[in-house]
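# Inside the fold
For reference, the chains in residue letters:
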Amino acid sequence: MSNLVRRPTEHAAIRAACRSARPLPPVPALMAALLDANARGDREGVILCAHRAVRTAAPEVGVS
């Protein structure tokens, strides 16, 4: 049985990523990607693009 050994910087990197803002692409680019994903039949891509488009257009959505 092996134990997972964490690196000393792993927690710091995760905390920093949680604190940093990740800029989202502009809505027109997301809508183009959404149409492309839909045309290709990529359901996960459609969902991802749709959610990102909503988060970009209305940043207050999903904030508690």
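The following paragraphs examine the structure supplied in this document.

What counts, and at which threshold
- Residues numbered from 1 in each chain as written.
- Predicted model: local features only at pLDDT ≥ 70, side-chain atom pairs only at ≥ 80, totals over all residues.
- Heavy atoms only, no water.
- Helix = DSSP H or I, 4+ residues; strand = E, 2+ residues; numbered from the N terminus.
- Expected span 1.5 Å × (residues − 1).
- Buried < 20%, exposed > 50% of the residue type's maximum accessible area, 1.4 Å probe, protein only.
- Arc of directions from axis to C-beta.
- Contact = heavy atoms within 4.5 Å.
- Polar contact = N/O pair within 3.5 Å; in protein donor to acceptor, adjacent residues only side chain to side chain.
- Salt bridge = Lys/Arg side-chain N within 4 Å of Asp/Glu carboxyl O.

### Section: helix α2 (residues 27-40)
Along its 14 residues, α2 runs 20 Å from first to last C-alpha, staying within 8% of the 20 Å computed at 1.5 Å per residue. Those residues of α2 not exposed but buried are Leu 30, Leu 34 and Ala 37. One face of α2 carries all of its buried residues, which in axial projection span an arc of 70°. Along α2, the residues that are exposed and aim more than 90 degrees away from the buried face are Pro 28, Leu 35, Ala 39 and Arg 40.

### Concerning helix α3 (residues 43-57)
Here α3 spans 21 Å end to end across 15 residues, near enough to the 21 Å set by a 1.5 Å rise per residue. Those residues of α3 that sit buried are Gly 45, Cys 49 and Ala 53. Along the axis of α3, the buried positions cluster into a sector of 65°, meaning they face one direction only. Away from its buried face, by an angle of more than 90 degrees, α3 presents the exposed residues Arg 43, Glu 44, His 51 and Arg 55. Against α2 lie the buried residues of α3. Its side-chain oxygen 3.4 Å from the backbone nitrogen of Glu 44, Asp 42 forms the N-cap of α3.

### Some details on the pattern of salt bridges
Under the defined criterion, the tally for this structure stands at 1 salt bridge. Ionic pairing is found between Arg 40 and Asp 36, a salt bridge with its closest N-O pair at 3.0 Å. Here Arg 40 pairs with Asp 36, and both are found in helix α2, just 4 residues apart, close to one helical turn. A relative accessible area of 65% means that Arg 40 is categorised as exposed. Judged by its relative accessible area of 38%, Asp 36 falls in the partly exposed class.

### Observations regarding the environment of Thr 56
Looking at the secondary structure, you find Thr 56 in helix α3. Judged by relative accessible area, which is 25%, Thr 56 ranks as partly exposed. Residues Thr 56 and Pro 25 lie 31 residues apart in sequence; the distance between their C-alpha atoms is 7.6 Å. Aside from chain neighbours lying at most four places away, what touches Thr 56 is Leu 24, Pro 25, Val 27 and Leu 30.

None of the figures reported here should be taken as evidence of function without further support.
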